[in-house]
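If you want the building blocks of each chain, they are given just below.
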Amino acid sequence: MNHIETAVEFSGLTRIFGDFTAVDQISLAVGRGEIFGFLGPNGAGKSTTIKMLCGLLTPSAGSGTVGGFNIMTEAEEIKKNIGYMSQKFSLYDDLTVEENINFFSGIYRVPREKKRERKEWVLEMAGIADRRGALTKTLSGGFKQRLALGCAILHEPPIIFLDEPTSGVDPISRRNFWRLIYAMSREGKTIFVTTHYMDEAEYCDRLALIYRGKIIAEGTPTALKQEYMERDVLEIEVEQVVDALEVLEQSGIETAIFGSVLHATVTDAGQESQRIRESLVKAGLKVVRIEKIVPSLEDVFVTLIEVS
Amino acid sequence: MFERIKEMVVKEFSQVFRDRRMKAIIFVTPILQLLIFGYAVTTDVKSINTAFYDLDHSYESRELGRRLEASGYFIITGTPSSAKEMGDLLDRGKVLAVLQVNKGFGRDLARGVPTEVQMIVDGTDSNTASVAMDYSTRVINRFGKEFGTRAGIQRVVKPARIDLRSRAWYNPDLRSRNYNVPGVIAIIIMLTCLLLTAMAVVREREIGTMEQLMVTPLKPVELMLGKTIPFALISYFDMALVTTIGVFWFDIPIKGSIPLLVLSTAIYLLSVLGVGLFISTISRTQQQALMATFLFYIPAVLLSGFMFPIENMPVAIQYGTYLNPLRYFLVIIRGIFLKGNGIDILWPQMAALLLLGVVVIMTSSLRFRKRLG
Ligand SMILES: Nc1ncnc2c1ncn2[C@@H]1O[C@H](COP(=O)(O)OP(=O)(O)OP(=O)(O)O)[C@@H](O)[C@H]1O
Ligand SMILES: [Mg+2]
């Protein structure tokens, strides 16, 4: 990865709404061509950060550049060099697919001779070439999302901000969407993407975790797992998950529900698994299996958030 | 710059013509409003229920009663036989006016001695009352002349709150419709233009496309023009539509110059669009925009001289009306329609309207710009 050239960098970035600090002095650098994942729970400040970088919100404090342009003074230059897809669906529902593309192509001033080509590219990329005349509101979520992405990058910007691009989309569409992100990254585009989904986080080159307006961890997925997971994670399959969670938390073991199983973070898997089995059995619960697993990013983040 | 604005305008039109609600606002409501106002809001007074309290029972008194009815403005619906009965009719609202002819009226007329009749009018509705007074005065005067006497006429009004207006000047047959329809056109255009502008901008904010537009290199001025030009054109279209209906359906004459009307409409629309934009900068949702529109629109209509003359308002409010674009445009449009006024007479109103428009548009665009920051 080429970290010599930075596409996005900022420091001390802060945004205050009234007396509430939504983003609190965060600093980051994103290299050109990277897929940078920005993770955090609801209300952590992800969208606020992206909006400041795109020139939609004025930072309360801090400085930074996007594509080499100052976010405080050169917002208009930045706008020519970025694509932005907001968290909210943002095409005109009452226009046809083609009308939406034509409109944004005009607004972004795609040169006349390239308009057709770009339009066909978007239709192709979104897989809706046969529905060009359909009203956008009749498309399903996944197609809409890809069309929105297409419209946001009609002008082929080098830097792309995606704010939860795959929320509310089925898993297959999500996978397709990520394929597009990879393809763009291979073309040398920088992608700054926020997400809730941990599996998506694994696809990123680098990650930052934001929580309550502060960045609490940063690094490649592998590094994060190694660095923050000195302890072991035990996966516990038990019939009454909620009861088991209560028992373990009472005995002071850090535990969280992951789907239908529990993950317990312990210092030594060998010793603790026996102790856990005993206390669950004593509480009259039926243990199916307990095993040590390789921690996922989700384990890392749950631990990190509990610590802070 | 022009390409982007063109792109915005094209998009806006596609949206408007696909949206049933918008189409209704553009095509249906202006026509409905004009028809309703044109028919219902006539202040013409006709067939006023009248009691004839005849104490004289002479040929002359009966003749006066007949003349009153023959004028077409009064119908005699009661002939009370006592003062109490007469009072009851008025109190209960059975009649709006009473013609009282005292004993000796016929005799005095015959002798050529000054005499009097009383016209008692229910002044609750001051407008109807003053019109009834005017009409009856005419009938009685003519009757007096014909009978060769200077019959003095005493008028008693109850309750005595009447302001006589001399506005029949330019509208001699007192066709209130001629006077009202141009005003109605002005308020219809205002409402349509305000609603369309305020709603269209706020709707984009609601669905999130405004944010999308703001991260494009679209300049604030392009965004603003793109959002106002379509509605200026539509408002013009509506102006033409309702004016045509006014002229051909309601037979309203346009005495003045049509190019002048077109020009002054442009100036008027400038401030209305400005207010619409301003509303869109202070509203988050379409409901809020709707509320704000009516919060502006209703006082703007009430305090414009559309229904109540501005001279009768408290002085402080009179000053406030200088900020009301409708105030100026009403004078202009009525002047052009009814009096055939030219720019030589209307220029102060036009200049004031232009100044107001420029200030409002500037203020709104500054706010618009800030929102982008
Ligand atoms: N305009 C605003 N005025 C006041 N508070 C705001 C505003 N915008 C955001 N906030 C607050 O700032 C915090 C961060 O919001 P932000 O939208 O950045 O979160 P997020 O990480 O994107 O969350 P989500 O995953 O829900 O999208 C939230 O608590 C939110 O309520
Ligand atoms: Mg968000």
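Owing to the predicted nature of the structure, the values given are computational and were not obtained by experimental measurement. (Residues numbered from 1 in each chain as written. Chains lettered and ligands numbered in written order. Predicted model: local features only at pLDDT ≥ 70, side-chain atom pairs only at ≥ 80, totals over all residues. Heavy atoms only, no water.)

1. Things to note about the domain arrangement of chain A
Residue and element names in this part refer to chain A.
Phase 1: When the domains of chain A are assigned, the result is domain 1 (6–220) and domain 2 (229–307).
Phase 2: Distance between the C-alpha centres of domain 1 and domain 2: 37 Å.
Phase 3: Linking domain 1 to domain 2 there are 0 salt bridges.
Phase 4: At the level of elements, helix H7 (198–202), strand S9 (206–211) and strand S10 (214–219) are the ones that each hand at least two residues to the side of domain 1 that touches domain 2.
Phase 5: Class assignment for the residues of the side of domain 1 that touches domain 2 results in 9 nonpolar, no polar and 1 charged. (Domains from an automatic or database assignment. Salt bridge = Lys/Arg side-chain N within 4 Å of Asp/Glu carboxyl O. Helix = DSSP H or I, 4+ residues; strand = E, 2+ residues; numbered from the N terminus. Nonpolar A, V, L, I, M, F, W, Y, C, P; charged D, E, K, R; others polar.)

2. Quick notes on the UniProt feature "domain: ABC transporter" (unreviewed entry) in chain A
Phase 1: As recorded in UniProt, the feature "domain: ABC transporter" (unreviewed entry) lies at residues 8–237 of chain A.
Phase 2: Across residues 8–237 of chain A, the secondary structure splits into 36% helix and 30% strand, with the terminal C-alpha atoms separated by 43 Å. (UniProt positions renumbered as here; feature names shortened; annotations may be inferred.)

3. Side note on the coordination of the magnesium ion (ligand 2)
Residues and elements named next belong to chain A.
Phase 1: Ligation of the magnesium ion (ligand 2) by protein atoms is provided by Ser47 (OG) and Gln87 (OE1), these donors lying 1.9 to 2.1 Å from the ion. With Ser47 in helix H1 (residues 46–53) and Gln87 in the loop between strand S6 (82–85) and helix H3 (97–107), this pair connects stretches of sequence that are 40 residues apart.
Phase 2: Look at Ser47 and you get buried, because its relative accessible area is 17%. (Donors = N, O, S within 2.8 Å, 3.2 Å for Na, K, Ca; no water. Buried < 20%, exposed > 50% of the residue type's maximum accessible area, 1.4 Å probe, protein only.)

4. Some points on unusual backbone geometry
All names here are of chain A.
Phase 1: Despite not being glycine, Glu164 shows a phi value in the positive range, around 45°.
Phase 2: Mapped onto the secondary structure, Glu164 falls in the loop between strand S7 (159–163) and helix H6 (171–186).
Phase 3: A positive phi angle is found at Arg212, which is not glycine, with a value near 50°.
Phase 4: Tracing the backbone shows Arg212 in the loop between S9 and S10.
Phase 5: Residue Arg212 is classed as exposed on the basis of its relative accessible area, which comes to 62%.

5. Concerning helix H3 (residues 59–70) of chain B
Phase 1: With 12 residues, H3 of chain B should reach 16 Å at 1.5 Å per residue; the first-to-last C-alpha distance of 16 Å fits that figure.
Phase 2: What H3 of chain B keeps buried is the set Glu60, Ser61, Glu63, Leu64, Gly65 and Leu68 of chain B. (Expected span 1.5 Å × (residues − 1).)

6. Focus: the site of ligand 1
Residue and element names in this part refer to chain A.
Phase 1: Residues in close proximity to ligand 1 total 14 residues, the closest being Gly43, Lys46, Ser47, Thr48 and Gln87.
Phase 2: Take Gly45: an N or O atom from its main chain is 2.9 Å from an oxygen atom of ligand 1.
Phase 3: At a separation of 2.7 Å, an oxygen atom of ligand 1 approaches a polar side-chain atom of Ser47.
Phase 4: Calculation on ligand 1 without its partners gives an accessible area of 630 Å², and the protein chains cover 62% of this total.
Phase 5: Those elements giving two or more residues to the shell around ligand 1 turn out to be strand S2 (20–31) and H1. (Near = heavy atom within 4 Å. Polar contact = N/O pair within 3.5 Å; in protein donor to acceptor, adjacent residues only side chain to side chain. Areas by Shrake-Rupley, 256 points an atom, 1.4 Å probe, with all protein chains shown as cover.)

7. So, empty space enclosed by the protein
Residue and element names in this part refer to chain A.
Phase 1: Per the counting criterion, the structure on display carries 3 cavities of 30 Å³ or more.
Phase 2: For the largest cavity, the calculated volume is near 80 Å³.
Phase 3: Along its surface, the largest cavity is lined by Val233, Glu254, Thr255, Ala256, Phe258, His263, Thr265, Asp299, Val302, Thr303 and Glu306.
Phase 4: Among the elements of the structure, strand S12 (254–258), strand S13 (261–266) and helix H11 (297–307) are those that each provide at least two residues to the lining of the largest cavity. (1 Å grid on protein atoms, 1.4 Å probe; cavity = no way out; pocket = protein on both sides within 12 Å on 5 of 7 lines; lining within 4 Å. Points joined across faces, edges and corners; volume = space filled by probe spheres on them.)

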